[in-house]
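Remarks on the overall topology
So you can see what is in the structure, the chains are spelled out below.
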Amino acid sequence: MKRLILSAALCAASFCGAWSAAPGMKTPWGEKVTPENAWREYPRPQMARDAWLNLNGLWEYAVTAESPAIPEKWDGEILVPFVLESSLSGVGRPLQPNETLWYRRTFDAQVKPGERLLMHFEQADFRAQVFVNRVEAMVPHEGGQMPFSVDVTDLVKAGANELVVAVWDPTNDFIGSTGKQVFKPHGCMYTRSSGLGGTVWLETVPETHLVDYKVATDIDRGTVDVTLEGAGDLKHAEARVEVCRAGKVVASGELKEWGRPVTVALPRPVALWSPEAPELYDLVITFRDAAKGTRDVVKGYFGMRKIELRKDANGVLRFFFNNAPRFLIGTLDQGWWPDGLLTPPSDEAMAYDILALKKMGFDMMRKHIKVEPRRYYYLCDKLGLILLQDMPSGFADAQKRYGFYRRELKEMMDHLQKVPSIAMWVPYNEGWGQPGQFLTHSTLMWTQRYDPTRLVDGPSGAHDWEGGDVWKKPQDGGGPTKHLPLGVEEAAHAVDKHDYATRPRMWPVNDRRASFLGEFGGIGCRVEGHLWTTNAWGYGDTGKDVDRRLVQDKFVSLMEHVGGLAMRGLAGSVYTQTTDVEGEINGLLTYDRKVVKFNAAALAAVHAKVREMAARGCVPRATKAVLPRYDPDPAAWAYTFTAPAADWMQPGFDDAAWKRSAGGFGGRGIDRDHPAAKIATKWETDAIWLRRRFTLDAVPEKLLEATLEMFHDEDAEVYLNGQLILSVKGYTTDYVQFGVPAETFRAAAKKGGNVLAVKVVQTAGAQYFDLGLSFEVRR
């Protein structure tokens with residue numbers, strides 16, 4: 001890229017000081033950040049021009065309380081593009097709602113006749129006022145997510161120019177979309193980010209130039225539609241669109257009429273974009289003013305891909321990608337960094353996260369409550385990772401902020417329209433900033449109509465009315481109702497459950513929307529020396545676990561359970577989460593990205609198994625009861641509180657001396673807090689060993705899965721005829737279904753007499769155990 005050159009005097013003034021990052025946890029890339037190398041890459045890969053100037057680096061800054069004018073004295077230097085609160089800014093202090101953050105620097109400008117000078121801000125949170133040579137350049141920009149631009153041609157002079165930016169950030173005290181930023185970080189809410197959080201840059205363009213373009217691909221027809229938006233003398237404007245592969249033009253088209261797309265037919269076979277083969281076509285758009293003879297040349301790219309909802313061979317709604325069913329396996333990705341907060345430290349850092357997930361066998365990421373820099377999406381496109389894109393939430397009154405929210409949603413969708421890796425929009429998460437039924441459905445229906453090339457997730461995790469009934473908690477056994485007034489059946493493509501139980505459940509398969517597990521897991525794993533805070537936590541009281549191999553085994557077992565749900569019709573899943581974030585230690589990577597907690601090959605193997613299970617399809621099934629829970633037979637279980645011989649789980653072990661009881665063992669008040677814990681025999685020791693005999697006429701030939709419906713507090717091991725068929729850590733607060741694969745059960749079971757043996761260990765608090773057994777068989 002050609003760059004406009006900064007004056008030598010400015011460079012010397014900016015970089016001569018002894019800048020250093022503020023104290024705090026660093027990633028390997030953050031440790032290498034300097035004023036000279038901070039975000040030097042071109043910031044807009046899908047609409048690139050040659051003539052541009054990067055304004056990142058050291059700026060003067062000041063923080064004032066209701067200052068009546070631009071400051072005369074400055075507090076020091078701040079490294080742009082990192083926000084004030086971040087370590088990499090070199091400042092690392094919060095901005096209060098009654099304060100203004102000021103930035104100042106100079107730049108050289110030499111604007112030629114017939115050119116315009118555009119100034120771009122990739123991100124600023126929240127309200128930004130831009131002054132060039134002490135003149136306000138634009139109406140203040142409000143919003144913390146989207147890039148914005150201003151034409152400063154008429155404000156600059158030849159030579160040195162002064163640029164001042166004033167930022168006010170109320171965080172949660174206003175109507176903007178803040179995502180997970182809060183004044184006081186806690187739980188799954190994190191440190192706020194104020195000020196300039198993205199690259200600031202200049203570019204020169206002809207007076208008649210391309211403003212933007214949209215892309216719509218059709219893999220079945222083998223075409224791409226490119227819709228152009230221009231500025232200047234459009235009466236005399238001409239445009240040519242060229243599609244290139246390996247540096248050679250393979251197809252092209254001319255603009256015939258403004259407002260209508262340029263349709264380009266691609267040569268066959270069309271190269272499709274997918275996570276396995278992220279093929280991209282290069283795009284060159286030449287915008288020419290025939291009257292003045294000027295040209296604006298813009299380079300970009302696109303990917304040929306198709307995402308839709310369709311019934312599979314068994315009549316179950318699934319996600320289809322490029323005309324083939326695809327079970328999506330992804331992570332919840334917060335996009336937070338210990339050194340840059342919402343601004344990643346570098347291109348290499350972003351690529352590391354994406355490639356780490358791919359090595360683990362994930363093909364998707366849910367970009368959670370955050371809009372990333374444009375180069376992040378470019379890396380997902382280039383490296384091959386499907387994205388589900390959340391709209392960042394806000395916490396002000398949902399009714400009062402609704403219009404502002406809808407404007408920001410549209411801005412995000414327009415901003416990211418060209419990104420081929422984005423397959424689904426997620427307008428709402430867990431009710432945060434979500435209005436009532438009518439406004440929610442209005443949002444979902446508009447989103448689907450505005451972008452018919454992508455899917456739309458129903459409210460993710462909560463408040464999914466689908467007909468007026470308030471969302472019900474999983475233990476209520478409820479979900480979206482079947483009654484669909486007002487055309488809401490057209491509003492979304494997925495019905496989305498969040499379930500952090502030891503064994504998550506899914507919404508039943510239906511004829512309207514795919515059943516999707518939008519959040520689950522969150523298993524904590526503590527890695528000392530890599531913690532943001534000692535008060536760290538994971539879901540299900542897993543914040544104390546330090547044995548990475550045991551936690552990995554939990555993950556593998558959990559994903560095998562998800563495979564069972566896939567065989568019941570689940571369309572995809574999102575595990576929480578990619579990395580630890582501040583107090584949360586449920587990441588696959590530590591927050592500083594210095595430790596990959598688990599073996600990538602082991603995770604890739606279980607994900608391949610899940611996909612294989614999903615590929616079997618959701619077949620008609622029936623449940624056959626084998627052993628009931630709460631078995632009333634007083635001799636149903638043999639048990640002992642004293643450690644038995646090592647072969648206690650074997651069929652031939654003599655348990656004649658053990659006591660006998662009906663089902664339900666527990667104590668220490670568990671039945672007061674958990675009504676499902678019905679106690680037949682009091683158990684308050686550190687461990688219990690149990691055995692029970694049952695007879696099978698035969699192992700069903702059409703067995704799909706054996707189901708252990710178990711309430712365990714705490715760790716449990718289950719053996720069948722001496723073979724371990726299930727091992728779970730932690731505890732449940734109700735009966736949970738644990739699927740045992742058919743091949744595992746068949747290998748241990750036999751015709752005639754069988755012995756089920758269980759060991760349960762208790763370390764603290766109340767305790768309980770009981771289970772039932774059933775078969776899922778093909779009908």
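This text goes with the structure placed above it.
Below or above, wherever it landed, is the structure these notes cover. None of the values given here were measured: they were computed from a predicted structure.

Brief notes about the environment of Val 130
The residue Val 130 is located in strand E7 (residues 127-132) in this model. According to the relative accessible area criterion, Val 130 is buried, its value standing at 0%. Val 130 sits 34 residues away from Val 164 along the chain, and the two C-alpha atoms are 6.1 Å apart. Sequence-distant contacts of Val 130, that is, excluding residues within four places in its chain, are made with Met 119, Phe 121, Val 135, Glu 136, Ala 137, Met 138, Phe 148, Leu 163 and Val 164.

Regarding the pattern of salt bridges
Pairs can form between side chains of opposite charge whenever their charged atoms are close. Across all of its chains, the model carries 53 salt bridges by this definition. In this structure, Glu 207 and Lys 292 form a salt bridge, with 2.7 Å as the shortest nitrogen-oxygen distance. Of the two residues, Glu 207 sits in the loop between strand E15 (200-206) and strand E16 (209-218) while Lys 292 sits in the loop between strand E21 (281-289) and strand E22 (294-302), which places them 85 residues apart along the sequence. You can call Glu 207 partly exposed: its relative accessible area is 31%. Relative accessible area serves as the criterion here: at 52%, Lys 292 is assigned to the exposed category. Salt-bridge contacts for Glu 276 lead to Arg 326; the nearest nitrogen and oxygen are separated by 2.5 Å. With Glu 276 in the loop between strand E20 (262-265) and E21 and Arg 326 in the loop between strand E25 (324-325) and strand E26 (328-333), this residue pair connects regions lying 50 residues apart in the sequence. Sharing partners across several salt bridges, the network here consists of Arg 44, Arg 49, Glu 203 and Asp 296.

Let's talk about the packing of helix H2 (residues 347-359) against helix H3 (residues 374-383)
A pair of packed helices is captured by two measures, namely the crossing angle of their axes and the spacing between those axes. Two elements in contact, H2 and H3, have axes whose closest approach is 10 Å; the angle formed by their N-to-C orientations is 40°. Classified by the angle between their axes, H2 and H3 sit oblique to one another. Here H2 runs over H3; the crossing is right-handed. Between H2 and H3, the residues in contact are Asp 347, Met 350, Ala 351, Ile 354, Leu 355 and Lys 358 and Arg 375, Tyr 376, Leu 379, Cys 380 and Leu 383, respectively. Split into classes, the residues belonging to the contact of H2 with H3 amount to eight nonpolar, no polar and three charged.

Concerning helix H6 (residues 548-567)
Here H6 spans 29 Å end to end across 20 residues, near enough to the 28 Å set by a 1.5 Å rise per residue. Counted residue by residue, H6 has 15 buried out of 20 residues, so it is predominantly covered. A positive phi of about 115° marks Gly 569, the residue just after H6.

Remarks on unusual backbone geometry
Here the amide bond leading from Asp 125 into Phe 126 is cis, since omega sits at 15°, within 30 degrees of zero. Summarising the element assignment, Phe 126 is placed in the loop between strand E6 (124-125) and E7. Cis geometry marks the peptide bond from Thr 576 to Gln 577, where omega comes out at 10°. Along the polypeptide, Gln 577 turns up in the loop between strand E33 (572-576) and helix H7 (600-615). Within the chain, Trp 39 stands out as a residue other than glycine whose phi angle is a positive 50°. Take Trp 39: it is sitting in the loop between helix H1 (8-15) and strand E1 (52-54). Since its relative accessible area comes to 7%, Trp 39 is described here as buried. Of note in this structure, Arg 668 is not a glycine but carries a positive phi near 60°. For Arg 668, the position within the fold is in the loop between strand E37 (665-667) and helix H8 (670-673).

Quick look at the packing of aromatic side chains
Evaluation of the coordinates by the stated rule reveals 35 aromatic pairs. Note on Trp 29 and Tyr 352: the rings are 5.0 Å apart at their centroids and 50° apart in plane angle, and the pair reads as tilted. A residue pair is termed long-range when its members are at least 10 positions apart, and Trp 29 in the loop between H1 and E1 and Tyr 352 in helix H2 qualify at 323 residues. Note on Tyr 352: relative accessible area 27%, which makes it partly exposed. Between Arg 326 and the ring centre of Phe 321, over which it is positioned, the NZ or CZ distance is 5.8 Å. Cation over ring: Arg 593 sits above Trp 337, and NZ or CZ is 3.6 Å from the ring centre.

Observations concerning the packing of H6 against H7
Contact geometry of H6 with H7 gives a least axis separation of 8 Å together with a crossing angle of 15°. Accordingly, the angle class assigned to the pair H6 and H7 is roughly parallel. H7 is crossed by H6, and the crossing has right-handed handedness. Mapping the contact onto sequence places Gln 552, Phe 555, Val 556, Met 559, Glu 560, Val 562, Gly 563, Gly 564, Ala 566 and Met 567 in H6 and Ala 602, Leu 603, Val 606, His 607, Lys 609, Val 610, Met 613 and Ala 614 in H7. When its residues are assigned to classes, the contact of H6 with H7 shows twelve nonpolar, four polar and two charged.

Conventions and cut-offs
- Residues numbered from 1 in each chain as written.
- Predicted model: local features only at pLDDT ≥ 70, side-chain atom pairs only at ≥ 80, totals over all residues.
- Heavy atoms only, no water.
- Helix = DSSP H or I, 4+ residues; strand = E, 2+ residues; numbered from the N terminus.
- Buried < 20%, exposed > 50% of the residue type's maximum accessible area, 1.4 Å probe, protein only.
- Contact = heavy atoms within 4.5 Å.
- Salt bridge = Lys/Arg side-chain N within 4 Å of Asp/Glu carboxyl O.
- Axes fitted to C-alpha atoms, helices over the stretch in contact; angles between N-to-C directions.
- Parallel < 35°, antiparallel > 145°, perpendicular 65-115°, else oblique.
- Left-handed = near helix turned anticlockwise from the far one by under 90°.
- Nonpolar A, V, L, I, M, F, W, Y, C, P; charged D, E, K, R; others polar.
- Expected span 1.5 Å × (residues − 1).
- Phe/Tyr/Trp six-rings, centres within 6.5 Å; stacked < 30°, edge-to-face > 60°.
- Lys NZ or Arg CZ within 6 Å of the ring centre and 35° of its normal.

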